[in-house]
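# Chain and residue survey
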Amino acid sequence: MQMSKTKQMSLGFQHVLAMYAGAVVVPLIVGGAIGLTSAQLTYLIAIDIFMCGIATILQVWKNQFSGIGLPVVLGCTFTAVGPMIAIGNTYGITSIYGAILVTGLFVLLIGKYFSKMIRFFPPVVTGTVVTIIGITLVPVAMHDISGGQGSADYGSGINLALGFSTLAVILILFRFGKGFLKSIAILSGIVIVTVISSFFGMVDMSEVRDASWFHLPHFFFFGMPEFHLVPILTMMLVAIVGLVEATGVYFALGDICEKDIEEKDLKRGYRAEGMAIILGGLFNAFPYTTYSQNVGLVQLSGVRNKRIIYIAGVMLILLGLVPKIGAITMGIPTPVLGGAMLAMFGMVISYGIKMLSRVDFENQNNLMIVAISIGMGLGVTAVPDLFAIVPPTFGVVAESGIVLGSLTAIILNLIFNLRSENIKQPTLENEQITQ
């Protein structure tokens, strides 16, 4: 049955809300840490949201050269935050964009070769990686439910009430809602509790008042890029980390959409990310990668239609061009977003477990691979200073539970299931993707 335009718009906006806070936080943190002015920060946020839309459309649009062709949303990678701050404070902001441009070209060129690693991603690896992604992101949701790390009212009763009320509304709608109402449970939960929050003075619309009506992107807004070896190598490492995370997301979405992910699909997906990173460098935005929370949203809503993601991409572009409209979403209380994120990240975990259900756990080797990999991912997330002695350049790997857990799964699979007959591509029963 054909979905109405209003329903499509609502579902697209739900995807925007799912990723918006994460996409805005990255430029806020980086811009503040390297001393940007309020005008520069305004541009950075606007162009970041604009480029999220462009990057998303590039990834969803499947063609002969690029695009994974799955309902995936792209946003700024959190992995790059620390390295970009270090580069900006040491070499200057133009060096960040020089490194981003070279890194985008690097990803574009290695996509063909990196995609050949698909044989090293059997279900025991992909299921473990997806589970780790969800587990390591849950603390982010819990911090937001408490009001956000560093907030003056962290853990207050009102924050906890709003956060868990959002989760409760989502669960009620998901349990008793039918059809379209069930599919927009996340959006409805956010809107309902945000309205309730306004009666407690928890909704701040000052950002809307101060934001401009229109904002055009500019090439090299912060100046011509500079190229230095250390920043370039650092951002290349960040990009490889992003590709590992993206691979897990691709397989999860492929599973949800009943689509086998093959080498040629990975190659197009990696190329799309490379193109997005290059465009980010040209317009002085940031590197982009797939957002896991939107994978959870696809599973929760049950809507796998790529048209919805195209709509979300166009919405992001418009929000980037009209900052005043985009600023409205900034008024949503952090605890409300945290409650929604808990549901989405939890769904990522459950889908990883579903992927693991296809693994032969009579084989003790597979049990050990899952046990140690998830243990490493969760351990580093819980104790981020565990590898404090590691040089800062490699800290991006050592400090990320997602990356360390994923690499552990890949390496242990090679060690325990080294024979070629045990290293198989994931297979699914149905290759038909919902259009």
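Residues numbered from 1 in each chain as written. Predicted model: local features only at pLDDT ≥ 70, side-chain atom pairs only at ≥ 80, totals over all residues. Heavy atoms only, no water.

The protein chain appears in an unreviewed UniProt entry as Nucleobase:cation symporter-2 family protein from Salinicoccus sesuvii. Turning to the protein chain, the UniProt annotation filed under Subcellular location (unreviewed entry) states: "Cell membrane". According to its UniProt record, the protein chain has this under Sequence similarities (unreviewed entry): "Belongs to the nucleobase:cation symporter-2 (NCS2) (TC 2.A.40) family." (UniProt positions renumbered as here; feature names shortened; annotations may be inferred.)

A count of helical and extended segments in the protein chain gives 18 helices and 2 strands. The proportion of buried residues among the 435 residues of the protein chain is 58%. Look at the contacts in the protein chain between residues 6 or more apart in sequence, and 85% of them connect residues 24 or more apart. (Helix = DSSP H or I, 4+ residues; strand = E, 2+ residues; numbered from the N terminus. Buried < 20%, exposed > 50% of the residue type's maximum accessible area, 1.4 Å probe, protein only. Contact = heavy atoms within 4.5 Å.)

On to the pattern of salt bridges, then. Scanning the model with the defined rule gives 6 salt bridges in all. Among the ionic pairs, aspartate 265 bridges to lysine 62, the shortest N-O distance being 3.6 Å. Of this pair, aspartate 265 sits in helix H11 (residues 263–282) while lysine 62 sits in the loop between helix H2 (38–60) and strand S1 (74–76), placing them 203 residues apart in sequence. We classify aspartate 265 as buried; its relative accessible area is 1%. Among the residues examined, lysine 62 registers a relative accessible area of 36% and is labelled partly exposed. A salt bridge links lysine 264 to glutamate 262; the nearest nitrogen and oxygen atoms lie 3.8 Å apart. (Salt bridge = Lys/Arg side-chain N within 4 Å of Asp/Glu carboxyl O.)

Where empty space is left in the structure can be found by rolling a water-sized probe over the atoms. The final tally for this structure, using the stated rule, is 4 cavities of 30 Å³ or more. Considering only enclosed or pocket space, the largest cavity measures out at about 100 Å³ in volume. Val238, Ala239, Gly242, Ile277 and Tyr288 are, among the 13 residues lining the largest cavity, the residues nearest its centre. Among the secondary structure elements, those contributing two or more residues to the lining of the largest cavity are helix H4 (93–114), helix H10 (229–256), H11 and strand S2 (288–290). Sorting elements by how many residues they give to the lining of the largest cavity places H10 first, with 5 residues. Taken together, the residues of the lining of the largest cavity sort by class into 8 nonpolar, 4 polar and 1 charged. (1 Å grid on protein atoms, 1.4 Å probe; cavity = no way out; pocket = protein on both sides within 12 Å on 5 of 7 lines; lining within 4 Å. Points joined across faces, edges and corners; volume = space filled by probe spheres on them. Nonpolar A, V, L, I, M, F, W, Y, C, P; charged D, E, K, R; others polar.)

To characterise two packed helices, one gives the angle between the axes of the helices and the distance between these axes. Where H4 meets H11, the closest approach of the two axes is 8 Å, and the angle between their N-to-C directions is 170°. By the criterion of interaxial angle, the relationship of H4 to H11 is roughly antiparallel. Contacts between H4 and H11 involve Tyr97, Ile100, Leu101, Thr103, Gly104, Leu105, Val107, Leu108, Gly111, Lys112 and Phe114 from the first element and Glu263, Lys267, Tyr270, Arg271, Glu273, Gly274, Met275, Ile277, Ile278, Gly280, Gly281 and Leu282 from the second. Residues of the contact of H4 with H11, tallied by class, amount to 12 nonpolar, 6 polar and 5 charged. (Axes fitted to C-alpha atoms, helices over the stretch in contact; angles between N-to-C directions. Parallel < 35°, antiparallel > 145°, perpendicular 65-115°, else oblique.)

Next up on the list: the nonpolar core. Counting residues in each nonpolar core, the largest one holds 130 residues, and the members touching the most others are Met84, Ile186, Phe286 and Tyr288. Ignoring sequence-local partners within four residues, the contact set of tyrosine 288 consists of Ile47, Asp48, Met51, Cys52, Ala55, Leu74, Gly75, Cys76, Glu273, Ala276, Ile277 and Gly280. (Core = buried A, V, L, I, M, F, W, Y, C linked by side-chain atoms within 4.5 Å.)

Together, Ile158, Val191, Ile192, Val195, Ile196, Phe199 and Phe200 line one region of the surface with nonpolar side chains, adding up to about 660 Å² of accessible area. The element contributing the most residues to the nonpolar patch is helix H8 (residues 185–198), with 4 residues. Inspection of the secondary structure assignment puts isoleucine 192 in helix H8. A relative accessible area of 39% places isoleucine 192 in the partly exposed class. (Patch = residues over 30% accessible without salt bridge, like charges linked within 9 Å, V, L, I, M, F, W, Y side chains within 5 Å. Areas by Shrake-Rupley, 256 points an atom, 1.4 Å probe, with all protein chains shown as cover.)

Another point: the side chain of threonine 131. Along the chain, threonine 131 falls in helix H5 (residues 123–145). A residue is classified by how much of its surface remains accessible, and threonine 131, at 3% relative accessible area, is buried. When neighbours within four sequence positions are excluded, threonine 131 is seen to be in contact with Ile349, Gly352, Ile353, Leu356 and Ile374.

Here we take up H10. For H10, with 28 residues, the first-to-last C-alpha span of 41 Å sits near the 40 Å given by 1.5 Å per residue. Across the 28 residues that make up H10, a large majority, 24, are buried. Glutamate 258 occupies a position one or two residues after H10 and carries a positive phi of about 55°. (Expected span 1.5 Å × (residues − 1).)

On to the confidence of the model for the protein chain, then. On average, residues of the protein chain score 81 in pLDDT, and 90% of them reach the 70 mark or higher. pLDDT under 50 marks residues 420–435. Its contacts with residues more than four places away, or in other chains, come to 44 contacts. (pLDDT = per-residue confidence, 0-100.)

Let's shift gears to the packing of aromatic side chains. Applying the stated criterion across every chain yields a total of 9 aromatic pairs. Aromatic side chains tyrosine 43 and phenylalanine 221 sit 3.8 Å apart centroid to centroid with 10° between the ring planes, which places their arrangement in the stacked category. With a gap of 178 residues between them, tyrosine 43 in helix H2 and phenylalanine 221 in the loop between helix H9 (206–210) and H10 connect regions that are remote in the sequence. With relative accessibility at 1%, the residue tyrosine 43 sits in the buried group. Centre to centre, the rings of tyrosine 43 and phenylalanine 222 are 6.2 Å apart; their planes meet at 75°, and the pair counts as edge-to-face. Of this pair, tyrosine 43 sits in helix H2 while phenylalanine 222 sits in the loop between H9 and H10, and the two are 179 residues apart along the sequence. Note on phenylalanine 222: relative accessible area 12%, which makes it buried. Feature note: the residues Tyr43, Tyr97, Phe221, Phe222 and Phe286 constitute an aromatic cluster, connected by ring pairs. The ring centre of phenylalanine 176 lies 4.9 Å from the NZ or CZ of arginine 175, which sits over that ring. (Phe/Tyr/Trp six-rings, centres within 6.5 Å; stacked < 30°, edge-to-face > 60°. Lys NZ or Arg CZ within 6 Å of the ring centre and 35° of its normal.)

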